[in-house]
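Chain by chain, the residues run as shown.
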Amino acid sequence: MSPPPATRHAIRALYLALLLATPVGGSAAQADDGIQVKVSRHGDIVAVHAQFSAPISARQAYAVLTDYDRMKEFLADLDESRILSRTKDSLLVRQVGKVRLGWFAIPFEYVRRVELYPDARLVSHIVSGSVKKGDVTTSLHESNGRTIVTYDSEAVMGYWLPFGIGNTAIAAHIQQDLDSMRSEMLRRKQSLAAADADALQGMKRPPLDSESGAGVNRL
């Protein structure tokens, strides 16, 4: 039994925004952890503006944002994510997955061209797949030991979406994806710090006596 038309429109709107969630009148969501998402819709155009910050460098944030070959490890919606080709200044990326909404699982696939501006910005455009048009700009700004990550996206599905349906759900799900992205950034920072601490500790250990295996005090 198929869902009623209003439900189908809401699911399609959520599906579209999640494809672009990398992010007036509209619906906004803000969590206690500072992730902000605003979704607005004008006819068949869906726009998303989202922002969060983390106590990491822009380089660390950029490394996670461009790690497409491992992205399915930390974004639950993805079943496949891989770089098809690369040049010095751009990537061609294929991603496949399912948007899960209650008991629905809506499959998607697309190919996206990503323009690279290291440690500062990513600009991507969908070239084929489930969305008629999709443009996303991700900007990074580092200040006082933190990096602010800002997403701005705009897309066209190719058919009219009724205003006011599904915006809150879209914002909440995008917020969840951004939280997963930021968690991966922090995990990698902590992992690197632990590795550096182990390396430093190893340098401080006294050398072993070759015969007894005991530490040699050379003072």
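Residues numbered from 1 in each chain as written. Predicted model: local features only at pLDDT ≥ 70, side-chain atom pairs only at ≥ 80, totals over all residues. Heavy atoms only, no water.

Regarding the confidence of the model for the protein
Model confidence for the protein is summarised by a mean pLDDT of 79, while 69% of its residues fall at 70 or above. Every residue in residues 21–27 scores below 50 in pLDDT, and together they form 25 contacts with partners more than four places removed in sequence or on other chains. For the stretch residues 158–165, pLDDT sits under 50, and the model shows 24 contacts to residues farther than four places along the chain or on other chains. (pLDDT = per-residue confidence, 0-100. Contact = heavy atoms within 4.5 Å.)

Section: helix α2 (residues 58–65)
Those residues of α2 not exposed but buried are A58, A61, Y62, V64 and L65. Summarising the axial view, the buried residues of α2 lie within an arc of 160 degrees, below the 170-degree limit, and thus occupy one face. (Buried < 20%, exposed > 50% of the residue type's maximum accessible area, 1.4 Å probe, protein only. Helix = DSSP H or I, 4+ residues; strand = E, 2+ residues; numbered from the N terminus. Arc of directions from axis to C-beta.)

Observations regarding the packing of aromatic side chains
Tallying each qualifying case throughout the model produces 2 aromatic pairs. Both rings, one in F108 and one in Y110, keep their centres 6.0 Å apart while their planes meet at 20 degrees; by these two values the pair is stacked. Look at F108 and you get buried, because its relative accessible area is 7%. Given the relative accessible area of 3%, Y110 is considered buried. Directly above the ring of Y117 sits R121, whose terminal nitrogen or CZ lies 4.1 Å from the centroid. (Phe/Tyr/Trp six-rings, centres within 6.5 Å; stacked < 30°, edge-to-face > 60°. Lys NZ or Arg CZ within 6 Å of the ring centre and 35° of its normal.)

Let's talk about the pairing of strand β9 (residues 146–156)
For a regular strand, side-chain orientation follows a simple rule: the groups alternate between the two sheet faces. As paired elements, strand β3 (residues 45–54) and β9 share 10 bridges and run antiparallel to each other. Residue A47 lies in a different strand from β9, and its bridge partner there is E154. Bridge analysis of strand β8 (residues 133–143) against β9 gives 11 bridges, and the strand direction is antiparallel. In the sheet register, H141 faces β9, and the bridge partner there is I148. Between β8 and β9, which pair antiparallel in sequence order, lie 2 residues; one of them, N144, sits at a positive phi of approximately 55 degrees. (Pairing = 2+ DSSP bridges.)

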